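The lines below spell out each chain.
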Amino acid sequence: MSKTVRQQESTKFSFDYLDYLMEQEGVVERMVDRKLKQMEPKIEKLIEEKMKKLINNK
C-alpha cells in the first residue's frame, strides 16, 4: 500500500521541521557555550570570594 501525496508531504514536512529544530538546538548550544566561556572568570571570582567569606566567618 503506497502513501498518498498528502501523507508523503506530511512526512517530508515532519522531517524538515525536525532538521530545523536540530539546527536551532545547535545554535542555542553554541550561544550558551560562548556565554558561559565569557562568564567563567567572573563565576570563578565570585566562588573564590564566597569561599573566603565562609572561611573568614568560621
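The structure displayed is predicted, hence computed values, not measured ones.

Q: How do you make sense of the overall build of the protein chain when you look at a structure like this?
A: Along the protein chain, the regular secondary structure elements total one helix and zero strands. For 58 residues, the compact-globule formula gives about 10 Å, and the C-alpha radius of gyration of the protein chain, at 24 Å, lies well above that figure. Taken along the three principal axes of its C-alpha coordinates, the protein chain extends 75 × 20 × 10 Å. Taking the average location of the 13 positive side-chain charges in the protein chain and that of its 11 negative ones, the two points are 8 Å from each other.

Q: Explain a nonpolar patch on the surface here, please?
A: Taken together, the side chains of Leu36, Met39, Ile43, Ile47, Met51, Leu54 and Ile55 present a nonpolar region at the surface, about 660 Å² in accessible area. Relative to the helices and strands, Met39 is located in helix α1 (residues 5–56). Using a relative accessible area of 37% as the deciding quantity, one classes Met39 as partly exposed.

Q: I keep staring at the packing of aromatic side chains and nothing clicks. Help me out?
A: Any aromatic ring pair is given by two values, namely how distant the centres are and how the planes are angled relative to each other. Scanning all chains against the criterion turns up two aromatic pairs. A ring pair is formed by Phe13 and Tyr17, whose centres lie 6.2 Å apart and whose planes are at 5 degrees; its orientation type is stacked. Of this pair, Phe13 and Tyr17 both sit in helix α1, four residues apart, which is roughly one turn of the helix. Both rings, one in Tyr17 and one in Tyr20, keep their centres 6.1 Å apart while their planes meet at 25 degrees; by these two values the pair is stacked. Highlighted residues: Tyr17 and Tyr20, both in helix α1, separated by three residues, approximately one helical turn. What links up through ring pairs into an aromatic cluster is the set Phe13, Tyr17 and Tyr20.

Q: Even after reading the chapter, I still don't get a negative patch on the surface, so can you show me in this structure?
A: Residues Glu40, Glu44, Glu48 and Glu49 make up a contiguous surface patch of negative charge. Structurally, the position occupied by Glu49 is in helix α1. By relative accessible area, which is 36% here, Glu49 ends up partly exposed.

Reading guide: rules and limits
Residues numbered from 1 in each chain as written. Predicted model: local features only at pLDDT ≥ 70, side-chain atom pairs only at ≥ 80, totals over all residues. Heavy atoms only, no water. Helix = DSSP H or I, 4+ residues; strand = E, 2+ residues; numbered from the N terminus. Rg over C-alpha atoms; globule rule 2.2 N^0.38 Å. Lys, Arg positive; Asp, Glu negative; His and termini not counted. Charge placed at Lys NZ, Arg CZ, Asp CG, Glu CD. Patch = residues over 30% accessible without salt bridge, like charges linked within 9 Å, V, L, I, M, F, W, Y side chains within 5 Å. Areas by Shrake-Rupley, 256 points an atom, 1.4 Å probe, with all protein chains shown as cover. Salt bridge = Lys/Arg side-chain N within 4 Å of Asp/Glu carboxyl O. Buried < 20%, exposed > 50% of the residue type's maximum accessible area, 1.4 Å probe, protein only. Phe/Tyr/Trp six-rings, centres within 6.5 Å; stacked < 30°, edge-to-face > 60°.

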